[in-house]
Amino acid sequence: MASISFKNVSKTYPGATSPVVPNLNLDIKDKEFIMLVGPSGCGKSTTLRMIAGLESVSEGELYIGNRVVNKVPAKDRDIAMVFQNYALYPHMNVYRNIAFGLTLRKVDKGEIDKRVHEAAKVLDLEHLLTRKPKELSGGQRQRVALGRAMVRNPSVFLLDEPLSNLDAKLRGAMRTEIARLHRKLDTTFVYVTHDQIEAMTMGDRIVVMKSGIIQQFDTPQNLYEKPDNLFVAGFIGSPQMNFITTTIEQEGGALYARVGKERLLIPQNKCKALSSYVGKSVILGLRPEDFLAGDRMTSENNLSAEMTFSELLGAEYNLYIYINETRVTVTIPATGAKPEPGPFKIAPNMEKAHFFNPDSEKAICH
């Protein structure tokens, strides 16, 4: 079993007045691929390092499988860790770098050779085994670091921003490589990143953290479609979700979201949750792709806007517009003439709208 459980775990550094990770409760299933995401300083790397045994647990209990590992040394936790900077030995060739951990454990030489060549085959490193790290590209060095972890046959793989030093093309290729490796090894992966695209494309479930606190732990699809609060809604998605302050109004049996001098009809399936907010301000959240413009726009629920800039991204445009004084990003298909700056009409798809409480920042409805 390689499940991981945090039970009321806190981490406070010596001399600090407050914990960097306060009262963490998290259950990771055996063989899951879990992503820890959040901005710098949110506690994701500290959480990973507690699993690894590189940081001690100040309070609470940390389980790997059915064993409490608070006092278990890192070398006895049956984990392998891949670092951001590869951490390869420059004087050793690829073969010796991959074999190093097994050599330290005095594993039989025949078994070492078998495991190294198996890992090298999986990672397409067989033709590079005699080279030294300085002769390798960034992607090749990262594959060597993965191979060094693989040969140990650990119960848990820990990866701390392993792709952040690679260029965009290599990152894309290595994302595929790591996801394939997880399927092949069929073991537990815990992966730290600040890149939400990595998180959305690789993880079975994602832990979104802020100030050491879990904001939401869910599947990529649920995080995108049903964010629990403003932070998650704004962090997951690129370009990020747009937020517009509105006032809820009622006329007859219908509810509307007032935006300046215009208003938007709220779909019936959202009205019950918003009925107690009539006369109050709420925050309307809309993804960039959840707008209609040009010949795709309906005659209902239009908003007046001012477009300042359009950005062609091959199959689509990103439009940067202002609705009243709120800056909004809109993504539309690049099927017609390039949109020109100036007055603009835009129609939010209210079926896709999210509403948030401006005080608690919690989601009201989706």
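Here the structure is a predicted model, which is why all the values come from computation and not from measurement.

## A look at the overall build of the protein chain
So, point 1. Assigned secondary structure in the protein chain consists of nine helices and 21 strands.
So, point 2. Dimensions of the protein chain, computed from the C-alpha atoms along their principal axes, are close to 80 × 50 × 35 Å.
So, point 3. Taking all 366 residues of the protein chain together, 49% fall into the buried category.
So, point 4. Taking the contacts inside the protein chain whose residues are at least 6 apart along the sequence as the reference set, 65% of them involve residues at least 24 apart.
So, point 5. Carbon and sulfur atoms provide 48% of the accessible area of the protein chain, an area that totals close to 17,600 Å².
So, point 6. The centroid of the 46 positive side-chain charges in the protein chain is displaced by 6 Å from the centroid of its 41 negative side-chain charges.

## With respect to unusual backbone geometry
Trans peptide bonds make up the majority, and among non-glycine residues the majority have a negative phi.
So, point 1. Cis rather than trans, the peptide bond between S238 and P239 has omega equal to -5 degrees.
So, point 2. Here P239 shows up in the loop between α8 (230–235) and β11 (242–251).
So, point 3. For K31, which is not glycine, the phi torsion reads 75 degrees and is therefore positive.
So, point 4. In this structure, K31 sits in the loop between β2 (21–28) and β3 (33–37).
So, point 5. Classification of K31 by relative accessible area gives partly exposed; the value is 38%.
So, point 6. The phi dihedral of D186 is positive, around 55 degrees, even though this residue is not glycine.
So, point 7. The residue D186 is located in the loop between α5 (168–185) and β8 (188–193) in this model.

## Digging into the sheet that holds strand β13 (residues 262–265)
So, point 1. The strand order β13-β12-β11-β14-β20-β21 describes an open sheet built from six strands, whose pairing is antiparallel. Each edge of the sheet is formed by a strand with only one pairing partner; in this case those strands are β13 and β21 (363–365). Neighbour-to-neighbour, the strand axes of this sheet turn through a mean angle of 45 degrees, independent of strand direction.
So, point 2. Pairing of strand β20 (residues 354–356) with β21 involves two bridges; the strand directions are antiparallel. What sits directly across from F356, in β21, is A363.

## With respect to the environment of G172
So, point 1. Inspection of the secondary structure assignment puts G172 in helix α5.
So, point 2. Remark: the alpha-carbon pair of G172 and Y320, spanning 148 residues in sequence, is separated by 27 Å.

About the cut-offs
- Residues numbered from 1 in each chain as written.
- Predicted model: local features only at pLDDT ≥ 70, side-chain atom pairs only at ≥ 80, totals over all residues.
- Heavy atoms only, no water.
- Helix = DSSP H or I, 4+ residues; strand = E, 2+ residues; numbered from the N terminus.
- Buried < 20%, exposed > 50% of the residue type's maximum accessible area, 1.4 Å probe, protein only.
- Contact = heavy atoms within 4.5 Å.
- Areas by Shrake-Rupley, 256 points an atom, 1.4 Å probe, with all protein chains shown as cover.
- Lys, Arg positive; Asp, Glu negative; His and termini not counted.
- Charge placed at Lys NZ, Arg CZ, Asp CG, Glu CD.
- Pairing = 2+ DSSP bridges.
- Axes fitted to C-alpha atoms, helices over the stretch in contact; angles between N-to-C directions.

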